[in-house]
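Chain by chain, the residues run as shown.
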Amino acid sequence: MRGVSLYSLRIVKLISGVYQVDVNGDRFNTKPRGLFRKNKFSPVVGDIVDFEVQNNTEGYIQHVRERKNALKRPPVSNIDGLVIVMSAVEPQFSTQLLDRFIVIAHSYKLHPSILVTKRDLANSQQIKDIEEVLNIYKQIGYMTQFVGIDDDKATMMQQWPSGLIVLSGQSGVGKTTFINHYRPDLQLTTNHISKSLNRGKHTTRHVELFDRNQGYIADTPGFSALDFNHIEKDEIKHYFVEFNQYGEHCKFRNCNHINEPQCQVKAALSEGKIAQFRYDHYLQLYNEIADRKVRY
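Residues numbered from 1 in each chain as written. Predicted model: local features only at pLDDT ≥ 70, side-chain atom pairs only at ≥ 80, totals over all residues. Heavy atoms only, no water.

Student: How would you sum up the pairing of strand E9 (residues 113-117)? Please name residues and give values.
Tutor: In terms of burial, E9 is a largely internal element, five of the five residues being buried. Burial along E9 is two-sided: Ser113, Leu115 and Thr117 facing one way and Ile114 and Val116 facing the other are all buried. Bridge count between strand E8 (residues 81-87) and E9: five bridges; the pairing is parallel. Bridge pairing in E9 places isoleucine 84 opposite isoleucine 114. Two strands pair when backbone bridges link them, and E9 and strand E10 (residues 144-146) are joined in this way by three bridges, in the parallel orientation. Each residue of the ladder has a partner; that of valine 116, found in E10, is phenylalanine 146. (Buried < 20%, exposed > 50% of the residue type's maximum accessible area, 1.4 Å probe, protein only. Helix = DSSP H or I, 4+ residues; strand = E, 2+ residues; numbered from the N terminus. Pairing = 2+ DSSP bridges.)

Student: Explain the packing of aromatic side chains to me, and be specific about the residues and the numbers.
Tutor: For the structure on display, the rule yields ten aromatic pairs. When the centroid spacing of 5.3 Å and the interplanar angle of 80° are considered together, the rings of phenylalanine 243 and tyrosine 282 count as edge-to-face. Residue phenylalanine 243 is located in the loop between helix H6 (236-239) and helix H7 (244-247), and its partner tyrosine 282 is located in helix H9 (residues 276-290); the two are separated by 39 residues in the primary sequence. Side by side, phenylalanine 243 and tyrosine 282 carry an identical accessibility label, which is buried. The aromatic ring of phenylalanine 146 is capped on one face by arginine 119, whose charged end is 4.7 Å from the ring centroid. (Phe/Tyr/Trp six-rings, centres within 6.5 Å; stacked < 30°, edge-to-face > 60°. Lys NZ or Arg CZ within 6 Å of the ring centre and 35° of its normal.)

Student: Hey, could you go over the environment of aspartate 151 for me, with residue numbers and the actual values?
Tutor: Tracing the chain through its elements places aspartate 151 in the loop between E10 and helix H4 (153-157). Linking aspartate 151 and histidine 181, residues 30 residues apart in sequence, is a C-alpha distance of 9.4 Å.

Student: Just give me the short version of helix H5 (residues 175-182), but keep the residues and values in it.
Tutor: Within H5, six of the eight residues are buried, leaving the element largely enclosed by the surrounding structure. If you check which residues of H5 are buried, you get Lys175, Thr176, Phe178, Ile179, Asn180 and Tyr182. For H5, the secondary structure elements touched by its buried residues are E8, E9, H4, strand E11 (163-169), strand E14 (208-212) and strand E15 (215-219). (Contact = heavy atoms within 4.5 Å.)

Student: Tell me about the packing of helix H2 (residues 95-107) against H9, residues and numbers included.
Tutor: H9 packs onto H2 with a crossing angle of 65° between their chain directions and a minimal axis gap of 10 Å. For the crossing formed where H2 meets H9, the hand is right-handed. Contacts from Thr95, Gln96, Asp99, Arg100, Ile102 and Val103 in H2 reach Phe277, Arg278, His281, Gln284, Leu285 and Glu288 in H9. (Axes fitted to C-alpha atoms, helices over the stretch in contact; angles between N-to-C directions. Left-handed = near helix turned anticlockwise from the far one by under 90°.)

Student: Got a sec to walk through helix H3 (residues 124-140)? Specific residues and values, please.
Tutor: With 17 residues, H3 extends 25 Å between its outermost C-alpha atoms, agreeing within 8% with the 24 Å of an ideal straight helix rising 1.5 Å per residue. Ile127, Ile130, Val133, Leu134 and Tyr137 are the residues of H3 that are buried. Along the axis of H3, the buried residues cluster in a sector spanning 135°; they form a single face. Turned more than 90 degrees from where H3 packs its buried face, Ser124 and Gln139 sit exposed. Next to the buried residues of H3 lie H2, E9, E10 and H9. After H3 finishes, the residue glycine 141 shows a positive phi value of roughly 125°. (Expected span 1.5 Å × (residues − 1). Arc of directions from axis to C-beta.)

Student: Lay out the environment of arginine 10 with the relevant residues and their values.
Tutor: You can see arginine 10 is positioned in strand E1 (residues 6-15). When sequence neighbours within four positions are dropped, the list of residues in contact with arginine 10 reads Gln20, Val21, Asp22, Gly46, Asp47, Ile48, Ser77, Asn78, Leu164, Leu209 and Tyr216. A polar contact of 3.2 Å, which involves the side chain of arginine 10, links it to the backbone oxygen of glycine 46. (Polar contact = N/O pair within 3.5 Å; in protein donor to acceptor, adjacent residues only side chain to side chain.)

In structure tokens:
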């Protein structure tokens, strides 16, 4: 190729239409070839690409390798672990919001972990309540972590899978602060939350990957509204994973565990085997999606 080098690399940042790839610790700016625009295909952060080096700082993306997975929001691909970040306070911990994040994660075939921050800002009762809730999620099969500002982030992250870890969650929960404590050299910008709205400002405005010992960690823009347009109401029951073992024994194969007779999920709920708040959140989301306008 005219004497230039071709590498298989990962896109680590996208901002203002310019992609950055990591070449042995050096970041190269690049734009995709016109073929991508012609085919209406856009690379995203996390993509593994064939990259042609042109000079000391620039090059071209020749080809995007097949993705093993991809999130629509935030737009990032080839994820090895998704960590849903919530905060104990400021904004207040919410199991309803957490369950919505979990549903979206499962809809993209990702089994998330749960990280709750700001333990040091919570009072003893708040800590007790959150620990009791997290114990329920542990029993369901989710890895959970509850941390304060002084906890050792590097040791904690060793429990996460190797490769690309994506931090995703509401604005203001401490995703960027967490990365700053792990990598103080980055000095990423953070902001305070709005106490009246109980949410943070969108300090992080793009997806970016940062080096960690076992791969990369991604800081992503926070948001207060979640998109369920790609999910149908009959799918949701599968994303409340503790329902599945009981749902196999329901009288009706397509049971949605609401009003159907001989529903084993409802039976498990009445016996305390399924947490009431989890079932309530399922029902709320099911009805919300069932009531949305038909898309044409």
